[in-house]
Amino acid sequence: MTTLAQRIKETPMAPYMALLRGMTREQKQIVVTFITESMEEPAVKRQVPAEFKKLRGMVNITDEEIAQDEHLAHIMER
């Protein structure tokens with residue numbers, strides 16, 4: 001185990017070391033994935049100008065049109 005990994009003893013995870021050692025490789029991968037994903041920076045949402053917000057609801061686009069146009073589908077997800 002690397003020096004950095006051994007520093008787990010200095011973290012709030014220290015009480016879980018025995019539990020972690022008893023886990024399967026798959027279970028450890030799940031924990032690592034959770035920790036990795038929790039470290040990701042949250043996506044910054046673009047601010048929609050007030051002029052565009054006023055236009056919401058003024059256009060009638062069908063689900064069929066959205067399904068046929070991937071760009072439109074992306075826009076409508078916002």
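The rules behind the values
- Residues numbered from 1 in each chain as written.
- Predicted model: local features only at pLDDT ≥ 70, side-chain atom pairs only at ≥ 80, totals over all residues.
- Heavy atoms only, no water.
- 1 Å grid on protein atoms, 1.4 Å probe; cavity = no way out; pocket = protein on both sides within 12 Å on 5 of 7 lines; lining within 4 Å.
- Points joined across faces, edges and corners; volume = space filled by probe spheres on them.
- Helix = DSSP H or I, 4+ residues; strand = E, 2+ residues; numbered from the N terminus.
- Nonpolar A, V, L, I, M, F, W, Y, C, P; charged D, E, K, R; others polar.
- Contact = heavy atoms within 4.5 Å.
- pLDDT = per-residue confidence, 0-100.
- Patch = residues over 30% accessible without salt bridge, like charges linked within 9 Å, V, L, I, M, F, W, Y side chains within 5 Å.
- Areas by Shrake-Rupley, 256 points an atom, 1.4 Å probe, with all protein chains shown as cover.
- Salt bridge = Lys/Arg side-chain N within 4 Å of Asp/Glu carboxyl O.
- Buried < 20%, exposed > 50% of the residue type's maximum accessible area, 1.4 Å probe, protein only.

> Kindly report on the layout of surface pockets, identifying the contributing residues and their values.
Of the voids in this model, the second largest pocket is the one considered here, and its volume is about 470 Å³. Forming the walls of the second largest pocket are 15 residues, and the residues nearest its centre are Met 1, Ala 5, Ile 8, Leu 20 and Val 32. For the lining of the second largest pocket, the secondary structure elements donating two or more residues are helix H1 (3–6), helix H2 (17–21) and helix H3 (25–38). Looking at the lining of the second largest pocket residue by residue, the classes come out as 10 nonpolar, two polar and three charged.

> Describe the environment of Ile 8, naming the residues involved and giving the relevant values.
Among the structural elements, Ile 8 can be located in the loop between H1 and H2. Separated by 69 residues in sequence, Ile 8 and Glu 77 have C-alpha atoms that sit 41 Å apart. The contacts of Ile 8, once residues within four sequence positions are left out, are Met 13, Ala 14, Met 17 and Leu 20.

> Describe in detail the confidence of the model for the chain, supporting the description with residues and values.
Across the chain, the average pLDDT comes to 86, with 99% of residues at or above 70. The lowest-confidence element of the chain is helix H4 (residues 50–53), averaging 77 in pLDDT; the highest-confidence one is H3, averaging 94.

> Give me the environment of Pro 42: which residues, what numbers.
Note on placement: Pro 42 falls in the loop between H3 and H4. Along the backbone, Pro 42 and Met 58 are 16 residues apart, and their C-alpha atoms lie at a distance of 31 Å.

> Break down a nonpolar patch on the surface for me, citing the residues and quoting the values.
On the surface, a nonpolar cluster with roughly 460 Å² of combined accessible area is contributed by Phe 52, Leu 55, Met 58 and Val 59. Take Val 59: it is sitting in the loop between H4 and helix H5 (63–68). Of the residues examined, Val 59 reaches a relative accessible area of 63% and is grouped as exposed.

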